[in-house]
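Coordinates in review
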Amino acid sequence: MRSLSDVLLYAVPLAFVLLVYLRNRSKREYAHAQALKEAMQSGLTEPASLHPVVDPNACIGSGSCVKACPEHALGIINGKAQLVNPTVCIGHGACMSACPVEAMKLVFGTERRGVDIPYVKPNFESNVPGVFIAGELGGMGLIRKAAEQGRQAIDAIRAVAGRAPDLDVIIVGAGPAGIAAGLGALQHNLRYAVLEQEDSLGGTVYHYPRNKIAMTAPVTLPIIGKVKMGEISKEALLEFWQDVVRKSELEIRFQERMEGIERVSGGFLVKTTHHTLRTGAVLLAIGRRGTPRKLGVPGEEQSKVVYRLIDPEQYRGQHVLVVGGGDSALEAALALSGQPGVSVTLSYRGDAFGRVKEQNRSRLQQAEASGSVKVMLRSSVLGIASKKVALEHNGRPLEIRNDAVIVNAGGVLPTDLLKQIGITFETKFGTA
Ligand SMILES: Cc1cc2nc3c(=O)[nH]c(=O)nc-3n(C[C@H](O)[C@H](O)[C@H](O)COP(=O)(O)OP(=O)(O)OC[C@H]3O[C@@H](n4cnc5c(N)ncnc54)[C@H](O)[C@@H]3O)c2cc1C
Ligand code: SF4
């Protein structure tokens, strides 16, 4: 009898602990399955570039990868790890390092969506001598990696500097890779120019959602030295870069886009939106967001047409047209709809908003029902005048009053332009 009571003394609490554990695990698995279902229903199934794939035979479902992922991209379903929120994966591989049985590997692209990765030598030179590539364009995303590659690429460029008559290097892009490269150019007294198409530095970081917490490992920057950031808000990270640029007096030519590169004897002619510059080497630190896709319609060159919503308040009391069918277009329309006196129209050429977050879709439905956003599916812009916009809607032409146009139609990578100067790309469909 005594031995039975002894057994019960241990068995009952153990059984209780096991029961709580199993219940919590099943709750978590249910939540992960729901997240995957929602991503699939919203068409958000393809990761942007580098992402993990799990070997189901090796995976023991420990959940270490799920805990390690700062973006909440992974979940455990039926005891195995899986990308349940593929589009938020940024490919930094924290999951892979955390996996105790090495069941994960990182790959580029998927079977359905190939990703073009340029050929880059270990010194960051492309297959075209004198054209270097650093940062996310080369395939590897992450603030630290981009910054380190920018610094290292300048070390390689130093070896060929001084031969060109004008500039030693043109650095295209002022994200982490471009800024670190610019600091390297300053440190080594290179004749340089940093071109940035936007009005601010930071690159992709500039476009993170407000207050997003970024995680970054220590990085060594030229002139500045070792920087330890750890977890840092988007705003603090941008302030850090701005401070670095101010103190170092790094010159960045904002709102100047690289539009062409031509090989000439002794270097390159780089065509920008404002000038043609001659240089011995070019460092492409342009990331993977590309240049905002344009509508290509008459009137688009007016200053009232922009490609990003910065401050919804500035549109108070105006008639605003938002063009696009992705999350950023919906988020822009919704943010504007909260402003007093704004009349918002959302124009999209598709039949439905197929690839957006469920939360945005339902918020838009509510806004449409309440009349705060007018949604025009199957519509396209024909032309933009100073006080109106001409559209085609369901095959019929019409005009609406307009004070501002915000185009959120994604970005275009200059792959063709780079192929024209001979840079070779490999399209990866789910390979390392
Ligand atoms: C939502 C999200 C969250 C992320 N979170 C993290 C995180 O927590 N930690 C982390 O380490 N990484 C994170 N990343 C990844 C990280 O932001 C990128 O890997 C990094 O910014 C890449 O740096 P880059 O300099 O190569 O390119 P980018 O930062 O993309 O900068 C490229 C710059 O080039 C400019 N440019 C492009 N074309 C031209 C042109 N033709 N002429 C002139 N200028 C041009 C662009 O305007 C841009 O400013 C995240 C990414 C995303 C999308
Ligand atoms: S690569 Fe990074 S973002 Fe993607 S699943 Fe792994 S830890 Fe998460």
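The notes below deal with the structure included here. Since this is a predicted model, take the numbers as computed values, not measurements. (Residues numbered from 1 in each chain as written. Chains lettered and ligands numbered in written order. Predicted model: local features only at pLDDT ≥ 70, side-chain atom pairs only at ≥ 80, totals over all residues. Heavy atoms only, no water.)

**What about the pattern of salt bridges?**
Applicable threshold: By convention in these notes, a salt bridge is any Lys or Arg side-chain nitrogen within 4 Å of a carboxyl oxygen on Asp or Glu. Numbering of helices and strands starts at the N terminus; helices are DSSP runs of H or I of at least 4 residues and strands are runs of E of at least 2. The cut-offs for exposure are 20% and 50% of the maximum accessible area for each residue type, with area from a 1.4 Å probe on protein chains only; residues under the lower value are buried, those over the upper are exposed, and the others partly exposed.
Scanning all chains against the criterion turns up 19 salt bridges. The partner of aspartate 243 in a salt bridge is arginine 246, with the nearest N and O atoms 3.2 Å apart. Taken together, the residues span about one helical turn, with aspartate 243 and arginine 246 both in helix H6 (residues 234–248) at a distance of 3 residues. You can call aspartate 243 partly exposed: its relative accessible area is 27%. By relative accessible area, arginine 246 is classed as exposed at 58%. Aspartate 243 is paired through a salt bridge with lysine 247; the nearest N and O atoms lie 2.8 Å apart.

**A few points about the site of ligand 2**
In plain terms, the rule: A molecule or strand has a residue near it when one of that residue's heavy atoms lies within 4 Å. Throughout, the ten residues Ala, Val, Leu, Ile, Met, Phe, Trp, Tyr, Cys and Pro are labelled nonpolar, Asp, Glu, Lys and Arg are labelled charged, and all others, Gly among them, are labelled polar.
Residues in close proximity to ligand 2 total 13 residues, the closest being Cys69, Cys89, His92, Gly93 and Cys95. Classifying every residue of the shell around ligand 2 gives 9 nonpolar, 3 polar and 1 charged.

**Some thoughts on the sheet that holds strand E23 (residues 388–393)**
Each strand in a sheet pairs with its neighbour through backbone hydrogen bonds, running either in the same direction (parallel) or in the opposite one (antiparallel). What counts is decided by this rule: Here, any two strands with at least 2 DSSP bridges between them count as paired. To obtain an axis, a line is fitted to C-alpha atoms, over the contacting stretch when the element is a helix, and the angle between two such axes runs from 0 to 180 degrees between their N-to-C directions.
Strand order in this open sheet of 3 strands is E22-E23-E24, and the pairing throughout is antiparallel. For this open sheet the edge positions go to strand E22 (379–384) and strand E24 (396–401), each flanked by a neighbour on one side alone. For this sheet the average axis-to-axis angle between neighbouring strands, irrespective of direction, equals 30 degrees. Here E23 pairs with E24 via 6 bridges, running antiparallel. Across the sheet, alanine 390 pairs through a bridge with glutamate 399, a residue of E24.

**Points about the sheet that holds strand E25 (residues 404–407)**
Keep this limit in mind: Contact definition: two residues touch when any of their heavy atoms are within 4.5 Å.
Taken in spatial order, the 5 strands line up as E18-E25-E19-E20-E21 in an open sheet, and their pairing is parallel. Every other strand in the sheet has two partners, leaving strand E18 (305–306) and strand E21 (373–376) as the edge strands with one partner each. Direction of pairing for strand E20 (residues 343–347) relative to E21: parallel, over a ladder of 4 bridges. Residue leucine 346 lies in a different strand from E21, and its bridge partner there is valine 375. The strands that helix H8 (residues 358–370) touches are E20 and E21; relative to E21, the one it contacts most, it runs at about 110 degrees.

**Quick look at the side chain of serine 49**
Mapped onto the fold, serine 49 is located in the loop between helix H1 (2–41) and strand E1 (50–54). With near-sequence residues (within four places) excluded, serine 49 lies in contact with Val107, Phe108, Gly109, Val115 and Gly139.

**Thoughts on unusual backbone geometry**
Of note in this structure, histidine 72 is not a glycine but carries a positive phi near 55 degrees. Along the polypeptide, histidine 72 turns up in the loop between helix H2 (64–68) and strand E2 (74–77). Using a relative accessible area of 61% as the deciding quantity, one classes histidine 72 as exposed. The backbone of glutamate 102 shows a phi angle near 50 degrees, a positive value even though the residue is not glycine. Mapped onto the elements of the fold, glutamate 102 is located in the loop between helix H3 (94–98) and strand E4 (104–108).

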